[in-house]
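Examining the three-dimensional arrangement
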Amino acid sequence: GAGVSQSPRYKVAKRGQDVALRCDPISGHVSLFWYQQALGQGPEFLTYFQNEAQLDKSGLPSDRFFAERPEGSVSTLKIQRTQQEDSAVYLCASSYYYEQYFGPGTRLTVT
Amino acid sequence: AQRVTQPEKLLSVFKGAPVELKCNYSYSGSPELFWYVQYSRQRLQLLLRHISRESIKGFTADLNKGETSFHLKKPFAQEEDSAMYYCALTFTGGGNKLTFGTGTQLKVEL
């Protein structure tokens, strides 16, 4: 079946713009995770949903970052007033048990 | 707080040579350890999990709690093993969120 999909794959934003990144998890996967991967680094946890409930948002770097999963399926990560330090690959992963299945990522470049 | 350290950014070996990718962790409790791999132009995927004690694609990893290590090993490297390897952990009460190391790029040369 289809894996985790993310859109857009690439996004260029001017500093100060708002962006929205979408994640379509594998059907039936209860858990959904967002990670941020800066160049040359490993992925870093941002936030976690179980169905529609956001159970952990301890990794969100500032209040400019907001995530939602209103119907327990598709999730959106929104970044307001983007800054250069937000430039990174944003990875979404979903899981039913322990194994996380990753999407291809969205590469965000803030100019 | 939990932390994963992968000391080598790049590891280059010849085909047929043994491979060892190092991973050390710090966590006061009992974590669960994983190796994830990313092949060129592919997405990040699970390679193996310490609890499973499996050998996947010839790779094995043993959790050494005394040394807080989870090194990934393969006796004979193949060209198709060239990839980025990430060690990661989860912990009880962490909701299965992964803490990753910075990754090691393995390059297998002919």
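Refer to the structure printed above.
Residues numbered from 1 in each chain as written. Chains lettered and ligands numbered in written order. Predicted model: local features only at pLDDT ≥ 70, side-chain atom pairs only at ≥ 80, totals over all residues. Heavy atoms only, no water.

**Remarks on the environment of Tyr48(A)**
Mapped onto the elements, Tyr48(A) comes out in strand β5 (residues 44–50). In this structure, the C-alpha to C-alpha distance between Tyr48(A) and Gln37(A), residues 11 residues apart in sequence, is 16 Å. Look past the residues within four positions of Tyr48(A) in its chain and what remains in contact with it is Ser31(A), Leu32(A), Phe33(A), Ala53(A), Gln54(A), Leu55(A), Asp56(A) and Gly95(B). Separated by 2.9 Å, the side chains of Tyr48(A) and Gln50(A) make a polar contact. (Helix = DSSP H or I, 4+ residues; strand = E, 2+ residues; numbered from the N terminus. Contact = heavy atoms within 4.5 Å. Polar contact = N/O pair within 3.5 Å; in protein donor to acceptor, adjacent residues only side chain to side chain.)

**Notes on the interface of chain A and chain B**
With 20 residues of chain A at the contact, the number on the chain B side is 16 residues. Together, the buried faces of chain A and chain B total about 1500 Å²; carbon and sulfur atoms form 52% of this surface. Among the residues chain A hides against chain B, the three largest losses belong to Pro43(A), Tyr98(A) and Phe102(A). Together they make up 37% of the total. Across the contact surface, chain A and chain B share one salt bridge. Of the charged contacts, one joins Lys97(B) and Asp56(A) as a salt bridge, the two residues approaching to 2.9 Å between their closest N and O atoms. Between the two partners, chain A and chain B, sit nine residue pairs in polar contact (both at pLDDT 80 or more). Elements with a contribution of two residues or more to the side of chain A that touches chain B: β4 (31–37) and β5 of chain A. Among the elements that take part in the side of chain A that touches chain B, β4(A) stands out by supplying three residues, more than any other. (Buried area = accessible area lost by both parts, 1.4 Å probe. Salt bridge = Lys/Arg side-chain N within 4 Å of Asp/Glu carboxyl O.)

**Concerning the state of the cysteines**
Enumeration according to the criterion identifies two disulfides over all chains in this entry. At a sulfur-sulfur separation of 1.8 Å, the disulfide partner of Cys23(A) is Cys92(A). Across the S-S bond linking Cys23(A) and Cys92(A), the dihedral sits near -65°, which makes this disulfide left-handed. On the criterion of sequence distance, the pair formed by Cys23(A) in strand β3 (residues 19–24) and Cys92(A) in strand β9 (residues 88–95) is long-range, its members being 69 residues apart. With respect to class, Cys23(A) is no different from Cys92(A); both count as buried. Between Cys23(B) and Cys87(B) runs a disulfide, and the two sulfur atoms are separated by 2.0 Å. Disulfide Cys23(B)-Cys87(B): the torsion about the S-S bond is -65°, which places it as left-handed. Here the residue Cys23(B) occupies a position in the loop between β3 (19–21) and β4 (24–26), and Cys87(B) occupies one in strand β9 (residues 83–90), the gap between them amounting to 64 residues. Like Cys87(B), Cys23(B) is buried. (Disulfide = S-S within 2.5 Å. Buried < 20%, exposed > 50% of the residue type's maximum accessible area, 1.4 Å probe, protein only.)

**Notes on the packing of aromatic side chains**
Enumeration according to the criterion identifies 14 aromatic pairs over all chains in this entry. Between Tyr35(A) and Phe100(B), the ring centres sit 5.7 Å apart and the planes meet at 85°, which makes this aromatic pair edge-to-face. Of this pair, Tyr35(A) sits in strand β4 while Phe100(B) is found in strand β10 (residues 99–100), placing the two residues in two different chains. For Arg49(B), the ring lying beneath its charged end belongs to Tyr98(A), and the centroid distance is 3.5 Å. (Phe/Tyr/Trp six-rings, centres within 6.5 Å; stacked < 30°, edge-to-face > 60°. Lys NZ or Arg CZ within 6 Å of the ring centre and 35° of its normal.)

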